[in-house]
Amino acid sequence: MKLVFAGTPEVAVPALDALIASRHEVVAVVTRPDAPAGRGRKLVASPVAQRAEEAGIEVLRPGKPRDPEFLARLAEIGPDCCPVVAYGALLPKVALDVPARGWVNLHFSLLPAWRGAAPVQHAVLAGDEVTGASTFLIEQGLDSGPVYGTVTEEIRYDDTSGDLLGRLSVSGARLLVATMDGIEDGSLEARPQPGEGISLAPKISVEDARIDWNTPALRVDRVVRGCSPAPGAWTEFRGERLKVASLRLAAGRSELGPGEVLVQKNTVRVGTGSHEVELGEVQPQGKKRMSAGDWARGARVEERERLG
């Protein structure tokens, strides 16, 4: 099939690579406009745009997918199908109607679970043991279209959202190619999602990533892992924000109150609503990430000082 691929961040690149290597032809890529990045805030092309340009593929960067120039070019190309991975903008019906076989989204959950912008983060936050990826035909509703196929992935006890998304981007890329193959040869039929088991996964806000030390240690651990690498779990210390990049659960019930810090020779422990946790790496406001021990020594953390 003749394909126009839509995607923007790094997580979409494995799917683009897999489609380029497939029997199908990627004739163009749709991605978000170049965005400012780095200290100089210079405009930088998206990872998908960079990869497409390396491969000599036409790149379309509409400000909005309903822009007349974009719609005209899409119609001129006349793709058979448009696979999508984390494009980052809602597609209007006029765009959805262009490809004869529709727009097919690779979504990183087992639909209808975790519809929305942050399915992997919510799966980790909820303590799910298994998640996966789904390919589905895009319609006007939020991730509600009929499903072509799925692949499952176990969530490991120490997985961050970044770890899990990295694995899903690879297995999901294979699923997307298989879906394109099945659509082309007629062996795949999209089936409606069940009406039960629907859950929503809105974007994780900075406030969502704030650690509540009154909650059980397991919840604190999930917040840290679920919000890594972005937006990053955080707490406060002496009135300033302190990001918590990693921690691990400590054995035994906590003798520390929620948020109380105990600095020992090789560890920095913090009390929660249940067990203590041991801080791994932290990032003080305006500084680089460092080990919790280096932070505690530099800040001269006093006995029983509190986080949060």
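Our subject is the structure listed above.
What comes next concerns the included structure.

The rules behind these values
- Residues numbered from 1 in each chain as written.
- Predicted model: local features only at pLDDT ≥ 70, side-chain atom pairs only at ≥ 80, totals over all residues.
- Heavy atoms only, no water.
- Helix = DSSP H or I, 4+ residues; strand = E, 2+ residues; numbered from the N terminus.
- Contact = heavy atoms within 4.5 Å.
- Areas by Shrake-Rupley, 256 points an atom, 1.4 Å probe, with all protein chains shown as cover.
- Lys, Arg positive; Asp, Glu negative; His and termini not counted.
- Charge placed at Lys NZ, Arg CZ, Asp CG, Glu CD.
- Phe/Tyr/Trp six-rings, centres within 6.5 Å; stacked < 30°, edge-to-face > 60°.
- Lys NZ or Arg CZ within 6 Å of the ring centre and 35° of its normal.
- 1 Å grid on protein atoms, 1.4 Å probe; cavity = no way out; pocket = protein on both sides within 12 Å on 5 of 7 lines; lining within 4 Å.
- Points joined across faces, edges and corners; volume = space filled by probe spheres on them.
- Nonpolar A, V, L, I, M, F, W, Y, C, P; charged D, E, K, R; others polar.
- Salt bridge = Lys/Arg side-chain N within 4 Å of Asp/Glu carboxyl O.
- Buried < 20%, exposed > 50% of the residue type's maximum accessible area, 1.4 Å probe, protein only.
- Pairing = 2+ DSSP bridges.
- Axes fitted to C-alpha atoms, helices over the stretch in contact; angles between N-to-C directions.

### Structural notes on the overall build of the protein
Inference 1: If you tally the helices and strands in the protein, you get eight helices and 17 strands.
Inference 2: In the protein, of all internal contacts separated by at least 6 residues, the share reaching a separation of at least 24 is 63%.
Inference 3: Accessible surface for the protein amounts to roughly 15,200 Å². Of this, 49% is attributable to carbon and sulfur atoms.
Inference 4: Of note, the protein has its 37 positive side-chain charges centred 5 Å away from the centre of its 41 negative side-chain charges.

### Comments concerning the packing of aromatic side chains
Inference 1: On inspection of all chains with the given rule, the structure shows one aromatic pair.
Inference 2: Aromatic side chains F237 and W295 sit 5.1 Å apart centroid to centroid with 75 degrees between the ring planes, which places their arrangement in the edge-to-face category. Of the two residues, F237 is situated in strand 10 (residues 234–237) and W295 in helix 8 (residues 292–299); the sequence distance between them amounts to 58 residues.
Inference 3: Above the face of the W234 ring, R241 is positioned so that its terminal group lies 3.9 Å from the ring centre.

### Points about the layout of surface pockets
Inference 1: By volume, the largest pocket amounts to about 1,100 Å³.
Inference 2: For the largest pocket, the lining is made up of 39 residues, of which A86, Y87, G88, G116 and A117 are closest to its centre.
Inference 3: For the lining of the largest pocket, the secondary-structure elements that each account for two or more residues are strand 7 (103–107), helix 5 (119–125) and helix 6 (161–185).
Inference 4: Across the lining of the largest pocket, the residue classes tally to 24 nonpolar, 12 polar and three charged.
Inference 5: Every residue lining the second largest pocket is counted, 13 residues in all, and those nearest its centre are E240, P284, K287, W295 and A299.
Inference 6: For the lining of the second largest pocket, the secondary-structure elements that each account for two or more residues are strand 11 (240–244) and helix 8.
Inference 7: Its residues placed into classes, the lining of the second largest pocket shows six nonpolar, two polar and five charged.

### A short note on the pattern of salt bridges
Inference 1: On inspection of all chains with the given rule, the structure shows 22 salt bridges.
Inference 2: Here D181 makes a salt bridge to R23, at a shortest N to O gap of 3.6 Å. With D181 in helix 6 and R23 in the loop between helix 1 (13–20) and strand 2 (25–30), the pair connects residues that are 158 residues apart, well separated along the chain.
Inference 3: For R23, a relative accessible area of 53% corresponds to the exposed category.
Inference 4: Between D34 and R61 there is a salt bridge whose closest N-O contact spans 2.9 Å. Of this pair, D34 sits in the loop between strand 2 and strand 3 (35–37) while R61 sits in the loop between strand 5 (58–60) and helix 3 (68–77), and the two are 27 residues apart along the sequence.
Inference 5: Given the relative accessible area of 30%, R61 is considered partly exposed.
Inference 6: Members of the salt-bridge network, linked through shared partners, are R23, D181, E184 and D185.

### Comments concerning the environment of A201
Inference 1: Residue position: A201 is located in the loop between helix 6 and helix 7 (217–226).
Inference 2: Looking at A201, the relative accessible area reads 0%, which means it is buried.
Inference 3: For the pair A201 and E260, spaced 59 residues apart in the sequence, the C-alpha separation amounts to 32 Å.
Inference 4: With sequence-adjacent residues up to four places away left out, A201 is seen in contact with W114, R115, G116, A117, A118, P119 and H122.

### Remarks on the sheet that holds strand 14 (residues 268–270)
Inference 1: Strands sit in the order 12-15-14-13 across an open sheet of four strands; the sheet is antiparallel. The open sheet has two edge strands with one neighbour each: strand 12 (247–253) and strand 13 (261–263). Going across the sheet, the axis of each strand differs from the next one's by a mean of 30 degrees, ignoring polarity.
Inference 2: When strand 14 meets strand 15 (residues 275–279), the two strands line up antiparallel, connected through two bridges. Counterpart to V270 in the pairing with strand 15 is V277.
Inference 3: Packed on one face of the sheet, helix 7 meets strand 12 and strand 15 and runs near 175 degrees to strand 12.

### Description of the pairing of strand 11
Inference 1: Judged from the four bridges that link them, strand 10 and strand 11 form a sheet pairing that is antiparallel. What sits directly across from T235, in strand 11, is L242.
Inference 2: Linking strand 10 to strand 11, which pair antiparallel, is a turn of two residues; within it R238 sits at a positive phi near 55 degrees.
Inference 3: Here strand 11 runs beside strand 16 (residues 281–284); their pairing, made up of three bridges, is antiparallel. Of the residues in strand 16, the one forming a bridge with K243 is Q283.

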